Amino acid sequence: MVPGAACVAAAAVAASPFLPWFATDIGPPFAASSSSGWEATGIARIVLVLGVLVFAANAALVLDALERIALEDRTALVLAWAATVLACVAVLLVAYRLVVLPEPAEFLSRDIGLYVAVVAAVASAALSAAGILARAPVVPRR
C-alpha cells in the first residue's frame, strides 16, 4: 500500500524539525550545543507544515483504499498530485539547508536530524509519485 508508506515518510518529515539539524563543531551530538531545525531556521517550520499536509493527503488516500471514505477518482488523483508537489517542495527546502548552513555558519556542522529530513522527504516524494502512477487513468491503445 503506497499511500501508507508515504504517510510514514511524511510523518518522519514532520517530526524531523524537532531533531538536531545543526551542531557546533566543538560539541558532541545531542548536546546543549546542538540545535534543532525548529530553533535554527525558519525553513524547518515550513518543512513541518509541508510534512503535515503530505501526511493528510496520503492519509485520505489510505482511508479511500480501505473504503472508510469514498473519494472520486479525480479527487484521489488531485490529492496524490498535491502530496507529490508538496513533498518535492520539502525536498528542495531541506536540500537547500543541507547545502547552505544558517548564519553564523563558521562553527556549525550538520547533524542527524537534517539527514533524517532529507531521506524522509525524498522517500515521501517518491512514494507520493508512485501513488500518482497507481491512480493514473489507463488510456486504451488503438
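Remember, predicted model here, so these are calculated numbers, not experimental data.

Peer 1: Explain the overall build of the protein chain here, please?
Peer 2: Each helix and strand in the protein chain was counted, giving five helices and three strands. Listing the helices and strands of the protein chain from first to last along the sequence gives α-β-β-α-α-α-β-α. Taken over 142 residues, the protein chain has a buried fraction of 38%. In the protein chain, of all internal contacts separated by at least 6 residues, the share reaching a separation of at least 24 is 70%. For the protein chain, the exposed surface amounts to about 8000 Å²; the carbon and sulfur share of it is 69%.

Peer 1: When you look at unusual backbone geometry in this model, what are you seeing that I'm missing?
Peer 2: Positive phi outside glycine occurs at Glu67, with the angle close to 60°. You can see Glu67 is positioned in the loop between helix 3 (42-65) and helix 4 (73-99). Classification of Glu67 as exposed rests on a relative accessible area of 69%.

Peer 1: What's the story with helix 5 (residues 112-135) in this structure? I'm lost.
Peer 2: Every α-helix winds through 3.6 residues per turn, so residues three or four apart in the chain are directed the same way. Its 24 residues place the ends of helix 5 35 Å apart at the C-alpha level, agreeing with the 34 Å of an ideal helix rising 1.5 Å per residue. Along helix 5, the residues that are buried comprise Gly113, Leu114, Ala117, Ala120, Ala121, Ser124, Ala125, Ser128, Gly131 and Ile132. In this structure, the buried residues of helix 5 make contact with helix 1 (2-15), strand 1 (20-24), helix 3, helix 4 and strand 3 (108-110).

Peer 1: I'm lost on the environment of Val13 in this one. Help?
Peer 2: Mapped onto the elements, Val13 comes out in helix 1. Once the C-alpha coordinates of Val13 and Ala120 are considered, the two residues, 107 residues apart in sequence, prove to be 5.4 Å apart. With residues near it in sequence (within four places) discarded, Val13 still touches Val47, Gly51, Ala120, Ala121 and Ser124.

Peer 1: Before we go on, may I ask you to explain a nonpolar patch on the surface in this structure?
Peer 2: Taken together, the side chains of Leu19, Ile112, Tyr115 and Val116 define a hydrophobic patch exposed on the protein surface, amounting to about 310 Å² of accessible area. Mapped onto the fold, Val116 is located in helix 5.

Peer 1: Explain the environment of Ala80 here, please?
Peer 2: The topology assignment puts Ala80 in helix 4. Judged by its relative accessible area of 1%, Ala80 falls in the buried class. For the pair Ala80 and Leu61, spaced 19 residues apart in sequence, the C-alpha to C-alpha distance is 7.7 Å. Once you skip the residues sitting within four places of it in the chain, Ala80 turns out to touch Leu61, Ser128, Gly131 and Ile132.

Peer 1: So what exactly am I meant to see when it comes to the packing of helix 4 against helix 5 here?
Peer 2: Each pair of packed helices can be described by the angle between their axes along with the distance between the axes. Running from N to C, helix 4 and helix 5 point in directions that differ by 155°, and their axes come no closer than 8 Å. Comparing their axes, helix 5 and helix 4 come out roughly antiparallel. For the element pair helix 4 and helix 5, the recorded crossing hand is left-handed. Counted by class, the contact of helix 4 with helix 5 contains 20 nonpolar, four polar and two charged residues.

Scoring rules and cut-offs
- Residues numbered from 1 in each chain as written.
- Predicted model: local features only at pLDDT ≥ 70, side-chain atom pairs only at ≥ 80, totals over all residues.
- Heavy atoms only, no water.
- Helix = DSSP H or I, 4+ residues; strand = E, 2+ residues; numbered from the N terminus.
- Buried < 20%, exposed > 50% of the residue type's maximum accessible area, 1.4 Å probe, protein only.
- Contact = heavy atoms within 4.5 Å.
- Areas by Shrake-Rupley, 256 points an atom, 1.4 Å probe, with all protein chains shown as cover.
- Expected span 1.5 Å × (residues − 1).
- Patch = residues over 30% accessible without salt bridge, like charges linked within 9 Å, V, L, I, M, F, W, Y side chains within 5 Å.
- Salt bridge = Lys/Arg side-chain N within 4 Å of Asp/Glu carboxyl O.
- Axes fitted to C-alpha atoms, helices over the stretch in contact; angles between N-to-C directions.
- Parallel < 35°, antiparallel > 145°, perpendicular 65-115°, else oblique.
- Left-handed = near helix turned anticlockwise from the far one by under 90°.
- Nonpolar A, V, L, I, M, F, W, Y, C, P; charged D, E, K, R; others polar.

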